[in-house]
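# Structural overview
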Amino acid sequence: LTRLGLSVDDIDLVINTHLHFDHAGGNTMMENGTLQPVFRKARYVVQKGEYEDALSPNERTRASYRPEHIGSLEWDLVEGDVELLPGVSVMVTSGHTRHHQCVKVESDGQVAFFLGDLIPTTCHLPLPYIMGYDLFPLETLEQKRRLLHQAYEERWLLVFEHDPGVSMGYVRRNEKGTYSIDPV
């Protein structure tokens, strides 16, 4: 933020794809012995079902959530696909978690699509390549099939959360229908 001439107080919207600690851990910080929001003026957005699941984890999901951090924030809970601001919307893409959402940013006829953990790296582009952390892998498979086709047809810029070498790129499809990425 400093490099861009911004401070934490300049941020007014934080969209969480889901509430696993590696995605939502930067929402809070310890200050004077209590958890505080990092972005004090921000509206924190997540799907209502994801919030509920995070506060009541089961044996399979318990290690992925930090309920004390999640419960220390005021949340703007949304349900389903929602436009949050003109050109900024969330799209529910269950699979990784039941209420995982991706973020779609549209401007001047172009789309950037933040994948979260639906397709965390370019290595996960092949349809059957699904993370072992996904709670609903067959839903992930169908979401990937639909989104990769749409991203290819409409030339979306895909943004990868966890890829160490490719942060974003455009979908390419070969004659066999296999997808790959042209990094930018």
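In the block above lies the structure referred to throughout.
Everything numeric here is computed off the predicted structure, so don't read it as measured data.

So, how was this worked out
- Residues numbered from 1 in each chain as written.
- Predicted model: local features only at pLDDT ≥ 70, side-chain atom pairs only at ≥ 80, totals over all residues.
- Heavy atoms only, no water.
- Core = buried A, V, L, I, M, F, W, Y, C linked by side-chain atoms within 4.5 Å.
- Buried < 20%, exposed > 50% of the residue type's maximum accessible area, 1.4 Å probe, protein only.
- Helix = DSSP H or I, 4+ residues; strand = E, 2+ residues; numbered from the N terminus.
- Contact = heavy atoms within 4.5 Å.
- Phe/Tyr/Trp six-rings, centres within 6.5 Å; stacked < 30°, edge-to-face > 60°.
- Pairing = 2+ DSSP bridges.
- Axes fitted to C-alpha atoms, helices over the stretch in contact; angles between N-to-C directions.
- Salt bridge = Lys/Arg side-chain N within 4 Å of Asp/Glu carboxyl O.

## A short note on the nonpolar core
- By size, the foremost hydrophobic cluster in this structure holds 20 residues, and its most contacted members are Phe 113, Leu 148 and Leu 158.
- Here this core takes four residues from helix α4 (residues 137-154), the largest share from any one element.
- Contact partners of Phe 113, with chain neighbours within four places excluded, come to Met 91, Cys 102, Val 103, Lys 104, Leu 147, Trp 156, Leu 157, Leu 158 and Val 159.
- Grouped together as the second largest cluster of nonpolar side chains are 15 residues, Ala 54, Tyr 65, Leu 73 and Trp 75 included.

## Regarding the packing of aromatic side chains
- Tallied over the full model, the rule gives three aromatic pairs.
- Seen from their ring centres, Tyr 44 and Trp 75 are 5.9 Å apart, and the 70° between their planes marks the pair as edge-to-face. Pair noted here: Tyr 44 is in strand β4 (residues 43-47) and Trp 75 is in strand β5 (residues 75-78), with a separation of 31 residues, a long-range link. Taken individually, Tyr 44 and Trp 75 each receive the classification buried, so the pair is uniform in this respect.
- When the ring of Tyr 51 is compared with that of Trp 75, the centres are 6.4 Å apart and the planes differ by 55°; the resulting orientation is tilted. Here the residue Tyr 51 occupies a position in helix α2 (residues 48-55), and Trp 75 occupies one in strand β5, the gap between them amounting to 24 residues.

## Observations regarding the sheet that holds strand β1 (residues 13-15)
- Read across the sheet, three strands follow the order β1-β4-β5 without closing on themselves; strand pairing throughout is parallel. Unpaired on one side and paired on the other, β1 and β5 mark the two borders of the sheet. Here the average twist between neighbouring strands, direction ignored, is 25°.
- Bridge count between β4 and β5: four bridges; the pairing is parallel. Note on β5: the bridge partner recorded for Gln 47 is Val 78.

## A word on the pattern of salt bridges
- All told, the structure shown has seven salt bridges when counted by the stated rule.
- When the shortest N-O distance is used, the salt bridge between Asp 9 and Arg 40 registers 3.1 Å. One end of the pair, Asp 9, is in the segment before β1; the other, Arg 40, is in the loop between β3 (34-37) and β4, with 31 residues separating them in the sequence.
- The class of Arg 40 is partly exposed, set by a relative accessible area of 48%.
- Its salt-bridge partner being Arg 98, residue Glu 139 comes within 2.7 Å of it at the nearest N-O pair. Within this pair, whereas Glu 139 is found in helix α4, its partner Arg 98 is found in the loop between β7 (88-92) and β8 (101-107), the two being separated by 41 residues in sequence.

## With respect to the sheet that holds strand β12 (residues 179-183)
- One open sheet accounts for seven strands, arranged β6-β7-β8-β9-β10-β11-β12; its pairing is mixed. On the outer flanks of this sheet lie β6 (82-85) and β12, each paired with one strand and no other. Taking the axes of each pair of neighbouring strands and ignoring which way they run, one obtains an average angle of 35° across the sheet.
- Where strand β11 (residues 168-173) meets β12, five bridges bridge the pair, whose relative direction is antiparallel.

## Quick look at the environment of Pro 137
- Along the polypeptide, Pro 137 turns up in helix α4.
- With 42 residues separating them along the chain, Pro 137 and Gly 95 place their C-alpha atoms 5.6 Å apart.
- Residue contacts for Pro 137: discarding those within four places in its chain leaves Gly 95 and Ile 130.

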